[in-house]
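# Coordinate inspection notes
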Amino acid sequence: MRPYFEKMAEFGKPLTEKQIRASEESAKKIKEVERSIEEAAEKVRNAGLPTETINARGEWTVYQRLEYLVDPGTWCPLHTLFDPMDEESGTTGVVDGLGKISGRWAVIIGFDNKVLAGAWIAGQAENILRVTDLAKRLHVPLVWLVNCSGVKLTEQEKVYANRRGNGTTFFRHAELEKLGVPVLAGIWGTNPAGGGYQGISPTLLIAHKNCNIAVGGGGIVSGMSPKGYFDLEGAEQIIEATQKYKAVPPGRVEIHFNETGFFKEVHETEEGVLDSLKEWMKDLPAYNPRFFRVAEPKEPRYSPEDLYHLIPFNQKASYRFEEVLARLTDNSEHMEFKPDYGPEVYTGLAKIDGFLVGIIGNRQGFMPKGYPEYAPYPGIGGKLYRQGLIKMNEFVTLCGRDRLPIIWFQDTTGIDVGDLAEKAELLGLGQSLIYSIEQTDVPMMLVVLRKGTAAAHYIMGGPTANNHNAFTLGTATTEIYVMHGETAAVAAFSRRLVKEKEAGRPLEPVIERMNAMAKQYYEKSRPAYCAKMGFVDEVVPLPALRKYMVAFAGAAYQNPKSICPHNHLMLPRIIKG
């Protein structure tokens, strides 16, 4: 298959000086949003105790451990701003992402030991579930940096119970192991109760000499008050019990290395634990990348920095999707699938770091005259019509057949509506696309370039595709809503306007409510809000999109559950004809 992939069709054009000058203001606004996102991320990284305080105790922070553990230049953080329950620290207490360890991709997560000594806090359970889902979907190792002081007891109702509470982690670890996905853990500090189970549930436990894991800590061992309430006498007994277990905490290294054998290894230093994780990663299942690469990796011929001048900050302005893609794919090459059918959607094959992936994205601007074929009105890019939905169904199905991971790019206003659209079966074709995705069983990644709207956001590889969507990225231009705020305000208040007008009452109060609703929609669709609530897994600078694409492709091909030999691929042959 070398002739198919060694040299694919080049696409894209260099930016002109005129383009750069015309887009300067738009680029400036995008970079301003990126700066605000980075400021918010820095605030999260600085949450809790200062690094110097942790180091003075003879410990490293989770960020220092990650820096030592992860191969330079490969760290792709996720969920940095995720805080769906407004935890007072402004974080979920864990730090996670994709990165290479000893040249192999892993999903990596660690407790932030600067925040309540790595306690279970509100929002953390959902974060962890997303991380275990990611390891499951990509079929790569999950590496834990365990340093967990247990439950934040003053808010146990936000942490402990519930179907998706923190205890779900232990079942998820067991599920990953059942599926052949190893869970490695480096363990530091005192880890009682939930921290103890967090320590024992992984596949391999690599311990620091001063760590411990236990069913309960000193406070739990001291027990409940027999009187049913607390008084001075009871307080003295608690003090005595706590002092005892502070001196000799349960579940120490001498118990779990010498007696139970739970700890695989014990190391004297921070570096020792992390070096051991690096060595164990070398022993885990992984194909050499050359087994799956269809060509040698190449950088795009055009700089990803051009994206600032190609993607307009103004949501109503159009651009050429192919020019965006040319800044992200190897050597700015591709093979487009059905270019003359369903023109509102791009579908095609491209190389990312030498790996073959499927690409699907919304085109913008006015469609050719006579399209859509079922209606008298003109087609507008960003909206989905009959042919585009059929094309995506076909392409996704073929990617599944050829075992090709898919990267989606959304900038959509939704699916066409009205009786003509219903007669054209758009409702059924949208659900058909969901069915096609569910049949593929290949990893998918989504970039919400600008608009993620209505059902189109679901069906185009959205995060609701839980079995397939590995992660979703947002950008400084991302907006996610059921419909644009102005459209929602009209839908909500149009009849009220008519009634007020017919009754002879002033329209200003209704108009005021409409503007308020539009403003609320805007504020709750901005990139930072999307990241906080988990609509996207990370908001990244435009030039960083390729880095995440490289991580996704590399991880997807590292240890796939099933393969299609290159000489059996059908999509390239169908494209060639």
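Residues numbered from 1 in each chain as written. Predicted model: local features only at pLDDT ≥ 70, side-chain atom pairs only at ≥ 80, totals over all residues. Heavy atoms only, no water.

## Regarding empty space enclosed by the protein
Under the defined criterion, the tally for this structure stands at 1 cavity of 30 Å³ or more. A volume near 250 Å³ is recorded for the largest cavity. Arg403, Pro443, Ala556, Pro560 and Ser562 are, among the 22 residues lining the largest cavity, the residues nearest its centre. Class assignment for the residues of the lining of the largest cavity results in 14 nonpolar, 3 polar and 5 charged. Here the lining of the largest cavity gathers at least three residues from each of two domains, domain 1 (46-215 + 250-281) and domain 2 (289-478 + 536-569). (1 Å grid on protein atoms, 1.4 Å probe; cavity = no way out; pocket = protein on both sides within 12 Å on 5 of 7 lines; lining within 4 Å. Points joined across faces, edges and corners; volume = space filled by probe spheres on them. Nonpolar A, V, L, I, M, F, W, Y, C, P; charged D, E, K, R; others polar. Domains from an automatic or database assignment.)

## Things to note about the packing of aromatic side chains
With the rule as written, the count across this model stands at 17 aromatic pairs. Relative to Tyr385, the ring of Tyr371 has its centre 5.7 Å away and its plane inclined at 80°; by these criteria the two rings are edge-to-face. Of the two residues, Tyr371 is situated in the loop between β13 (355-362) and β14 (383-384) and Tyr385 in the loop between β14 and α15 (386-402); the sequence distance between them amounts to 14 residues. Tyr385 gets classed as buried once you look at its relative accessible area, which sits at 2%. (Phe/Tyr/Trp six-rings, centres within 6.5 Å; stacked < 30°, edge-to-face > 60°. Helix = DSSP H or I, 4+ residues; strand = E, 2+ residues; numbered from the N terminus. Buried < 20%, exposed > 50% of the residue type's maximum accessible area, 1.4 Å probe, protein only.)

## Overview of helix α17 (residues 426-440)
Helical geometry: 3.6 residues make up each α-helical turn, so side chains three or four residues apart lie on a common side. For α17, with 15 residues, the first-to-last C-alpha span of 21 Å sits near the 21 Å given by 1.5 Å per residue. Phi turns positive one or two residues past the end of α17, at Asp441, with a value near 55°. (Expected span 1.5 Å × (residues − 1).)

## Regarding the nonpolar core
In this structure, Trp144, Trp408, Phe409 and Phe471 are the most contacted members of the largest nonpolar core, which totals 129 residues. It is helix α22 (residues 545-556) that contributes the most residues to this core, 9 residues altogether. Here this core spans two domains, since at least three of its residues come from each of domain 1 (46-215 + 250-281) and domain 2 (289-478 + 536-569). The residues touching Trp144, leaving out its near neighbours within four places in the chain, are Val94, Ile109, Gly110, Phe111, Ile128, His173, Val183, Leu184, Ala185, Gly186 and Gln198. The next biggest cluster of nonpolar side chains, apart from the first, holds 20 residues, and it includes Trp60, Leu66, Met281 and Leu284. (Core = buried A, V, L, I, M, F, W, Y, C linked by side-chain atoms within 4.5 Å. Contact = heavy atoms within 4.5 Å.)

## Here we look at the sheet that holds strand β5 (residues 142-146)
Strand order across the open sheet formed by 7 strands is β2-β3-β4-β5-β6-β8-β10, with mixed pairing between neighbours. Of all strands in the sheet, those with a lone pairing partner are β2 (76-78) and β10 (265-267), marking the two edges. Between one strand axis and the next, the sheet turns through 20° on average, direction left out of account. Sheet topology places strand β3 (residues 94-101) next to strand β4 (residues 104-111); 8 bridges connect them, and they run antiparallel. Within β4, the residue paired with Val94 across the bridge is Phe111. α22 contacts β2, β3 and β4 of the sheet and is inclined by roughly 90° relative to β2. (Pairing = 2+ DSSP bridges. Axes fitted to C-alpha atoms, helices over the stretch in contact; angles between N-to-C directions.)

## Describing the packing of helix α6 (residues 124-138) against helix α7 (residues 168-178)
Following both chains from N to C, one finds α6 and α7 inclined at 5°, their axes separated by 10 Å at the closest point. Relative to α7, the element α6 lies roughly parallel. Facing α6, whose interface residues are Ile128, Leu129, Thr132, Asp133, Ala135 and Lys136, α7 presents Thr168, Thr169, Arg172, His173, Glu175 and Leu176. Its residues assigned to classes, the contact of α6 with α7 comprises 4 nonpolar, 4 polar and 4 charged. (Parallel < 35°, antiparallel > 145°, perpendicular 65-115°, else oblique.)

## Quick notes on the pairing of strand β19 (residues 469-474)
In regular strands, side chains alternate between the two faces of the sheet. Counted residue by residue, β19 has 6 buried out of 6 residues, so it is predominantly covered. In terms of strand pairing, β19 meets strand β21 (residues 538-539) through 2 bridges, oriented parallel. Across the sheet, residue Leu473 finds its bridge partner in β21, namely Glu538.

## What to know about the domain arrangement of the chain
Partitioning the chain into structural domains gives domain 1 (46-215 + 250-281), domain 2 (289-478 + 536-569) and domain 3 (484-525). Look at where the C-alpha atoms of domain 2 and domain 3 centre, and you get two points 34 Å apart.

## Thoughts on the side chain of Asp330
Here Asp330 shows up in the loop between α14 (321-326) and β11 (333-336). A polar contact of 3.0 Å, which involves the side chain of Asp330, links it to the side chain of Arg546. Sequence-distant contacts of Asp330, that is, excluding residues within four places in its chain, are made with Glu296, Pro297, Lys298, Glu299, Lys351, Ile352, Asp353, Gly354 and Arg546. (Polar contact = N/O pair within 3.5 Å; in protein donor to acceptor, adjacent residues only side chain to side chain.)

## A look at the pattern of salt bridges
Applying the stated criterion across every chain, the model contains 41 salt bridges. Salt-bridge contacts for Lys152 lead to Glu155; the nearest nitrogen and oxygen are separated by 3.7 Å. Take Lys152 and Glu155: they sit in the same class, and that class is buried. Between Glu479 and Arg526 there is a salt bridge, with its nearest N and O atoms 3.4 Å apart. Placement of the pair is Glu479 in strand β20 (residues 479-481) and Arg526 in the loop between α20 (508-523) and α21 (527-533), with a sequence separation of 47 residues. By the burial criterion, Glu479 is buried, and Arg526 matches it. One network of salt bridges, with partners in common, ties together Lys7, Glu10, Arg301, Glu333 and Lys351. (Salt bridge = Lys/Arg side-chain N within 4 Å of Asp/Glu carboxyl O.)

## Notes on the sheet that holds strand β17 (residues 444-448)
The mixed open sheet is built from 8 strands, whose spatial order is β1-β11-β12-β13-β15-β17-β19-β21. Where the open sheet ends on each side, the last strands, each with one partner, are β1 (9-10) and β21.

## Describing the side chain of Asp306
Secondary-structure assignment places Asp306 in the loop between α12 (270-282) and α13 (307-310). The buried category is assigned to Asp306, whose relative accessible area is 16%. Not counting chain neighbours up to four residues away, the residues in contact with Asp306 comprise Leu15 and Arg327.

## Considerations on the environment of Val62
Position of Val62 relative to the elements: it lies in helix α5 (residues 62-69). Separated by 84 residues in the primary sequence, Val62 and Val146 place their C-alpha atoms 9.2 Å from one another. Excluding residues that lie within four positions of it along the chain, Val62 makes contacts with Val95, Gly110, Phe111, Asp112, Asn113 and Leu145.

## A short note on helix α3 (residues 24-45)
Taking 1.5 Å per residue as the helical rise, α3 with its 22 residues ought to reach 32 Å, and the 31 Å between its terminal C-alpha atoms agrees with that figure. Those residues of α3 lying buried are Ser26, Ala27, Ile30, Val33, Glu34, Ile37, Ala41 and Val44. Angular distribution of buried residues about the axis of α3 spans 125°; they occupy a single face of the element. In this structure, α3 carries Glu39 and Lys43 as exposed residues pointing more than 90 degrees from its buried face. As for α3, its buried residues are in contact with α5, α13, α21 and β21. (Arc of directions from axis to C-beta.)

## Let's talk about the packing of α5 against α12
For the pair α5 and α12, interaxial distance at closest approach is 10 Å and the crossing angle is 45°. Taken together, α5 and α12 sit at an angle that is classed as oblique. Handedness of the crossing formed by α5 with α12: right-handed. Only Glu270, Glu271, Leu274, Asp275, Leu277 and Lys278 of α12 make contact with α5, whose side of the interface consists of Arg65, Tyr68 and Leu69. Here the contact of α5 with α12 is composed, by residue class, of 4 nonpolar, no polar and 5 charged. (Left-handed = near helix turned anticlockwise from the far one by under 90°.)

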